[in-house]
Amino acid sequence: MLHVGLTGNIASGKTAVAARLAALGARVLDADTFAREAVAPRTPGLAAVAARFGPGVIAADGSLDRAALGRLVFRDAAARADLERIIHPEVAARRAAALADARRDGIAIAVSDVPLLYETGLDRECDLVVVVDAPERVRLERLVRVRGLPEDDARAVMAAQGDPVAKRARADLVIDNDGTLADLDARVRTAWDTITARARRP
């Protein structure tokens, strides 16, 4: 099985690329899904988050208030590190189980969709790394216009992430998402051709 790492900074279009790779035949393992599962209501992960950050990050229905938590961690590197220490082991366990399932099922290409792929050293576990990127101004516009974030919050989220230039330099493949959806489709298909060729190697 070829294990592909997929990463990219917020609003780069990584999720859109992951969906297209899944449609082309890859099994996508989504770290964001694993992270949501790790802090679902009544889980040890959510209890640990509440203990560290206080009741203000818990919504009235007992779920995690992601907006409230985000306001705390994206402007405070120490708080963000504390959150990562709680979440990352849970996510890692779920990803490992999903990879084992993919191998058992005979999947040819598994894609680990991980926002912090390089930051957590998970690129070393991958056979090939794909970085999705878009110019900073484009990503900022998407966060403000499409996701409805205040510009200051959007800039804080972007500043908390790794340098996209450095990520591009380390990638095996880069998919630029600065054009139309048709452009993105074509670029993903080109990347898929490279990925499948690599998967066919002995």
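Heads up: the structure comes first, above all this text.
Residues numbered from 1 in each chain as written. Predicted model: local features only at pLDDT ≥ 70, side-chain atom pairs only at ≥ 80, totals over all residues. Heavy atoms only, no water.

S.K.: Can you help me understand the packing of aromatic side chains in this one?
M.R.: Each aromatic ring pair is specified by the distance between its two centres and by the angle formed by the two planes. Applying the stated criterion across every chain yields a total of zero aromatic pairs. One residue, Arg52, lies across the ring of Phe53, its end atom 4.5 Å from the ring centre. (Phe/Tyr/Trp six-rings, centres within 6.5 Å; stacked < 30°, edge-to-face > 60°. Lys NZ or Arg CZ within 6 Å of the ring centre and 35° of its normal.)

S.K.: Would you take a moment to explain unusual backbone geometry for this structure?
M.R.: Across the chain, the bulk of peptide bonds are trans and the bulk of non-glycine residues have phi less than zero. In the Ramachandran plot, Ala11 falls in the positive-phi region, its phi being about 70 degrees despite a non-glycine side chain. Its location among the elements puts Ala11 in the loop between β1 (2–7) and α1 (14–24). (Helix = DSSP H or I, 4+ residues; strand = E, 2+ residues; numbered from the N terminus.)

S.K.: Can you walk me through the sheet that holds strand β5 (residues 173–176) in this structure?
M.R.: Read across the sheet, five strands follow the order β2-β3-β1-β4-β5 without closing on themselves; strand pairing throughout is parallel. The open sheet is flanked by β2 (27–30) and β5, the only strands paired with a single partner. Neighbour-to-neighbour, the strand axes of the sheet open up by a mean angle of 25 degrees, direction not taken into account. Of the strand pairs in this sheet, β2 and strand β3 (residues 109–113) are connected by four bridges, and their pairing is parallel. Looking at the pairing, Arg27 lines up with Ala110 of β3. On top of the sheet, helix α9 (residues 181–199) reaches β1, β3, β4 (128–133) and β5; it is set at about 165 degrees to β5, its chief contact. (Pairing = 2+ DSSP bridges. Axes fitted to C-alpha atoms, helices over the stretch in contact; angles between N-to-C directions. Contact = heavy atoms within 4.5 Å.)

S.K.: Explain the side chain of Asn177 to me, please; I cannot follow it from the model alone.
M.R.: Inspection of the secondary structure puts Asn177 in the loop between β5 and α9. Once residues lying within four places of it in the same chain are set aside, the contact partners of Asn177 are Ser12, Gly13, Val132, Asp133, Ala134, Arg142, Leu184 and Arg187.

S.K.: What's the story with the nonpolar core in this structure? I'm lost.
M.R.: Of all hydrophobic cores here, the largest spans 28 residues; its most connected members are Val49, Phe53, Leu64, Leu69, Leu83 and Ile87. Listing elements by their share of this core, those giving two or more residues are α2 (31–38), α3 (44–53), α4 (66–73), α5 (77–104) and β4. If one sorts the elements of this core by residue count, α5 sits on top with eight residues. Excluding anything up to four places from it in sequence, Leu69 contacts Val49, Phe53, Val57, Leu64 and Leu83. Among the nonpolar cores identified, the runner-up in size contains 19 residues, and Val17, Leu21, Ile175 and Ala191 belong to it. (Core = buried A, V, L, I, M, F, W, Y, C linked by side-chain atoms within 4.5 Å. Buried < 20%, exposed > 50% of the residue type's maximum accessible area, 1.4 Å probe, protein only.)

S.K.: Would you mind going over α3 with me for this structure?
M.R.: Structurally, the α-helix is built with 3.6 residues per turn, so residues lying three or four positions apart point the same way. Of all the positions in α3, only Gly45, Leu46, Val49 and Phe53 are classed as buried. Each buried residue of α3 sits inside an arc of 95 degrees when the element is viewed along its axis, so together they form one side. In α3, those exposed residues whose orientation departs by more than 90 degrees from the buried face are Pro44 and Ala51. If you follow the buried residues of α3, they end up packed against α2, α4 and α5. (Arc of directions from axis to C-beta.)

S.K.: How should I be thinking about the pattern of salt bridges in this particular structure?
M.R.: One side chain can pair with another of opposite charge once the charged atoms of both are near each other. Per the counting criterion, the structure on display carries 16 salt bridges. In this structure, Arg170 engages Asp123 in a salt bridge whose closest nitrogen and oxygen atoms are separated by 3.2 Å. Of the two residues, Arg170 sits in helix α8 (residues 164–170) while Asp123 sits in the loop between β3 and β4, which places them 47 residues apart along the sequence. We classify Asp123 as buried; its relative accessible area is 15%. The closest approach of N and O atoms between Arg168 and Asp133, which form a salt bridge, is 3.0 Å. Pair noted here: Arg168 is in helix α8 and Asp133 is in strand β4, with a separation of 35 residues, a long-range link. A residue is classified by how much of its surface remains accessible, and Arg168, at 30% relative accessible area, is partly exposed. (Salt bridge = Lys/Arg side-chain N within 4 Å of Asp/Glu carboxyl O.)

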